[in-house]
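# Inside the fold
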Number of protein chains: 2
Amino acid sequence: MNPAQKKRLVIIGGGFGGLSVARYVDKSLYEVILVDRNNYHSFPPLFYQVASSGLEPASISFPLRREMRGRRYRGVSFHFGEVVAVDVAACTVRTKFETIPYDILVLAAGTTNNFFGIPGLEKRVFTLKSTPEAIRCRNEVLERLERASLCRNDRLRRRMLTFVVVGGGPTGVEIAGALGEMKRFVLKREYPSINPEEMKVILVEGSERLLGAMSAKSGADALEALGQLMVDVRLGWRMERYSDHVLTFADGTSVETETVIWTAGITGVPLPVVGTGVKPDRAGRWKVDAFNRVEGIDDVYAIGDIAFQEADGYPRGLPQVAPVAMQQARELARNLGRDSGRRKPFKYRDKGSMATIGRNRAVVDIGRFHLRGRLAWLVWMCVHLVSLLGMRNRTVVFINWMWGYFTFSSGLRLLMRPDRYPLRSYWDE
Amino acid sequence: MNPAQKKRLVIIGGGFGGLSVARYVDKSLYEVILVDRNNYHSFPPLFYQVASSGLEPASISFPLRREMRGRRYRGVSFHFGEVVAVDVAACTVRTKFETIPYDILVLAAGTTNNFFGIPGLEKRVFTLKSTPEAIRCRNEVLERLERASLCRNDRLRRRMLTFVVVGGGPTGVEIAGALGEMKRFVLKREYPSINPEEMKVILVEGSERLLGAMSAKSGADALEALGQLMVDVRLGWRMERYSDHVLTFADGTSVETETVIWTAGITGVPLPVVGTGVKPDRAGRWKVDAFNRVEGIDDVYAIGDIAFQEADGYPRGLPQVAPVAMQQARELARNLGRDSGRRKPFKYRDKGSMATIGRNRAVVDIGRFHLRGRLAWLVWMCVHLVSLLGMRNRTVVFINWMWGYFTFSSGLRLLMRPDRYPLRSYWDE
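Attention in this report is confined to the structure presented alongside it. Keep in mind that what you see is a predicted model, and the values were worked out from it rather than measured.

### A look at the relation of the copies chain B and chain A
The transformation that overlays chain B on chain A combines an axial shift of 0.0 Å with a rotation of 180 degrees, and the residual RMSD is 0.0 Å. The symmetry that links the two subunits is that of a two-fold axis. Both copies share a contact surface, since 100% of the interface residues of chain B are interface residues in chain A too.

This is how it looks when you write it as structure tokens:
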């Protein structure tokens, strides 16, 4: 086919979904441009390990340009830039640096934190929806431990040593477990002047169980495992507000803390779409049909966490997890190569879900089958290693995990704050 | 000996020097407190590899608390905090968090960048005197490449692709070599829309040769190697000023660039010392005698880059390199265990010096003996691997180097800027 006849496919987002579309779509039919505000692909399931000093940021990040050197990406080009406008009337995507016309547009920008409009919360809590957020969380947790080890005021010290995680989903459970391990195994060795009893890890969940998206057994196992790590799990508790180091619950009780890790809500990354009256839903998701077409906007598709797709058995839409994004991406890539009459509706195959609690426990649900304990942890580890991009990353992560497993020590507890002028180059001033 | 009779030894700085004092001093005589503004030990010789995406920051950083779990550090405690005052009359060190009385004080805080008072320079150039500075430099270099790959204005694109390194010492030579390799080997593969010819790397050195502290042969070899990497080395050129993206030389010529990497000057880390009239010299160094006692201040010692010690054959003082710091530290630690009449004056044994240019070339001087090329690079690699703290770091660095050596590709070209609220926790506000 003449290259001039190729349609231009623009993909916003280089996560699991966007990258899979770029990989599987027929590049003899499409000129593909992948736009991302970062030059790297991230691995969200392990952000919590960066935050808890178990992995270095580079191990769970993979440069997109490097990936695109692969044969399967021939015909794909990477464009760096944050999207500042999507004009679906003019069919253009505008970034900070350029305006890109498209024939077909795929929204695959994923999600970010949802603070449900609670004023000031964004600045006061720490979050885990990107690698820089995880690095910040790591720095702040380590900073509390350092300051607590020097502080002789009992009340202030307890405040520094109280860590509250809000949200009992996988991320909340995983970071609470990692903090529990710090309390249980790390403090005594590395912070001899802190009494481990003084460190408190509180996990707050509004519903009556943990891991609401998984089986009841998994929720119960996670609760038990967190109890063994001395995490204070509060089910059915709701956070009301957080200011002046005081977190207040709905029942009026409160706890003093300097560190609140917020994992309680996500929303689709806000994309400034103009030229249409169609809006995303309250959770920031774009409603799509079974072919992942955004309803009401021509030539625009959405996949992954930013899409809302109803399906049999999923009245509230398909779950916002990586397998959905990757399966949708693959089906969409195939459909884009088919005549419109021959396209196939997307069907999600649930391969199971899992979460880990601490160093050698996990819970795994595969259909009605449930695994727990060390075996589940091994499954968890293998699945995550295989899913990482790049042999170098897999090797380094594996070394880190083995090192941590056998020695319980981490060379990664680095309180490494950014340089003084970090946010922009001087030419932005 | 009764612990109450122990003297308290406070060390400011956990670099090569400070850490060695803590390690070798007799802990039955001294209660040792090591103070550092970071919770990790860094490895300055490899900062340039972080800046050029060859290594991840965690590989050349090692948590001080982890090191101190070792047997040789029993009796040493780590105190996190930036020093805000050293009162040599009251014998106290005050940090942001506490006031620590000392009997003996060792200054081992090292050096930072010297901008020689050129106004605004600090904010406009990138530097390599700490890991966060190196990360920032890495981000900004990658950002220029991304923007250049999208820019259609020839003049702006050339400006983005012009990288100027100021200073022809080891750091300048090493970062210029790494940028030269990017131009020569990386651009074509990973930035196909950039014409490598358009990327310019300029190394500016005021004197008539490179690597002034090494042999003339090493300087000449480095010049040749940089030439092969297409680095434009300008010897005898002086930078006059840099503003509005224009770097002006002393002869009035100028070059447009967005990226100036400043390696041209260092100065002792400014320590706010009060209670004495003694001041450091113009280069921020404290003058010490042969026993590393700071002249004119009782019970205060200085070692490493922050000390100025005259010695035979070194009329301008001993060089500011790691071996001097480590040897001084070891002798000082021994002397602190000896009665004052039996102390031994420090004598520096020069074991040689080296610098690397690109991926498999280096220059090594050992006495009158000179090595170059691949063999020198192997020596360089071994010496640096052995000097790194921690087996995990050595393993990961070795893997990265081998990977880079055989594949020429790096999984570390991550433009990873900090999170939005990175500089302080909200409770500092």
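And the narrative resumes.
### Some thoughts on the interface of chain B and chain A
Across the boundary between the two partners, chain B contributes 67 residues, which contact 67 residues of chain A. Here chain B meets chain A over a buried area of about 6,800 Å², counting both sides, of which 58% is carbon and sulfur. If you look at where chain B meets chain A, you find 4 salt bridges. For Arg-69 of chain A, the salt bridge identified is with Glu-190 of chain B, shortest N-O distance 3.0 Å. Summed over the shared surface of chain B and chain A, the result is 12 residue pairs in polar contact (both at pLDDT 80 or more). When contributions to the side of chain B that touches chain A are tallied by element, the ones reaching two or more residues are strand 4 (61-63), helix 3 (64-67), strand 5 (76-80), helix 4 (121-124), helix 5 (131-150), helix 7 (170-190) and helix 11 (391-407) of chain B. If one sorts the elements of the side of chain B that touches chain A by residue count, helix 5 of chain B sits on top with 13 residues.

### Let's talk about the packing of aromatic side chains
Aromatic ring pairs are reported here in terms of the distance separating the ring centres and the angle at which the planes meet. Residue and element names in this part refer to chain A. Inspection of every chain in the model, using the stated rule, returns 14 aromatic pairs over all chains. When the ring of Phe-116 is compared with that of Trp-262, the centres are 6.4 Å apart and the planes differ by 65 degrees; the resulting orientation is edge-to-face. With Phe-116 in the loop between strand 10 (111-113) and helix 4 (121-124) and Trp-262 in strand 18 (residues 259-262), this pair connects stretches of sequence that are 146 residues apart. Here Trp-262 falls in the buried class, since its relative accessible area comes to 4%. Ring plane angle 85 degrees and centroid distance 4.8 Å describe the contact between Trp-237 and Phe-249, whose orientation is recorded as edge-to-face. Taken as a pair, Trp-237 in the loop between strand 14 (231-235) and strand 15 (239-243) and Phe-249 in strand 16 (residues 246-249) lie far apart in primary sequence, 12 residues in all. Taking the relative accessible area as the measure of exposure, Phe-249 reaches 2% and is therefore buried. Ring pairing ties together the aromatic residues Phe-115, Phe-116 and Trp-262, which thus form one cluster. Above the plane of the ring of Tyr-24 lies Arg-330, whose end atom (NZ or CZ) is 4.1 Å from the centre.

### Notes on the pairing of strand 12 (residues 162-166) of chain A
Residue and element names in this part refer to chain A. Buried residues dominate strand 12, accounting for 5 of its 5 residues. Residues of strand 12 alternate between two faces, with Thr-162, Val-164 and Val-166 on one and Phe-163 and Val-165 on the opposite face, all of them buried. Pairing of strand 12 with strand 13 (residues 200-205), which is carried by 5 bridges, proceeds in the parallel orientation. Bridge pairing in strand 13 places Val-165 opposite Leu-203. In the classification by handedness, the crossover that spans strand 12, the intervening helix 7 (residues 170-190) and the parallel strand 13 is right-handed.

### Things to note about the pattern of salt bridges
Evaluation of the coordinates by the stated rule reveals 48 salt bridges over all chains. The partner of Glu-82 of chain B in a salt bridge is Arg-37 of chain B, with the nearest N and O atoms 3.7 Å apart. A residue pair is termed long-range when its members are at least 10 positions apart, and Glu-82 of chain B in the loop between strand 5 and strand 6 (83-87) and Arg-37 of chain B in the loop between strand 2 (30-36) and strand 3 (40-42) qualify at 45 residues. With relative accessibility at 44%, the residue Glu-82 of chain B sits in the partly exposed group. For Arg-37 of chain B, a relative accessible area of 43% translates into the label partly exposed. Note that Glu-295 of chain B and Lys-287 of chain B form a salt bridge whose closest N and O atoms lie 3.6 Å from each other. By relative accessible area, which is 36% here, Lys-287 of chain B ends up partly exposed. Several salt bridges converge on common partners, so that one network encompasses Glu-140, Glu-143, Arg-144, Arg-147, Arg-155, Arg-159, Glu-256, Glu-258 and Arg-417 of chain A.

### Side note on the sheet that holds strand 6 of chain B
Residue and element names in this part refer to chain B. The 4 strands lie next to each other as 8-7-6-20, forming an open sheet whose pairing is mixed. Strands at the two margins of the open sheet, each flanked by one partner only, are strand 8 (99-101) and strand 20 (273-274). Where strand 7 (residues 92-95) and strand 8 come together, 3 bridges link them in antiparallel fashion. When the bridges of strand 8 are listed, Arg-94 appears paired with Thr-99.

Conventions and cut-offs
Residues numbered from 1 in each chain as written. Chains lettered and ligands numbered in written order. Predicted model: local features only at pLDDT ≥ 70, side-chain atom pairs only at ≥ 80, totals over all residues. Heavy atoms only, no water. Least-squares fit on C-alpha atoms with pLDDT ≥ 70 in both. Contact = heavy atoms within 4.5 Å. Buried area = accessible area lost by both parts, 1.4 Å probe. Salt bridge = Lys/Arg side-chain N within 4 Å of Asp/Glu carboxyl O. Polar contact = N/O pair within 3.5 Å; in protein donor to acceptor, adjacent residues only side chain to side chain. Helix = DSSP H or I, 4+ residues; strand = E, 2+ residues; numbered from the N terminus. Phe/Tyr/Trp six-rings, centres within 6.5 Å; stacked < 30°, edge-to-face > 60°. Buried < 20%, exposed > 50% of the residue type's maximum accessible area, 1.4 Å probe, protein only. Lys NZ or Arg CZ within 6 Å of the ring centre and 35° of its normal. Pairing = 2+ DSSP bridges. Right-handed = clockwise from strand over helix to strand, strands pointing away.

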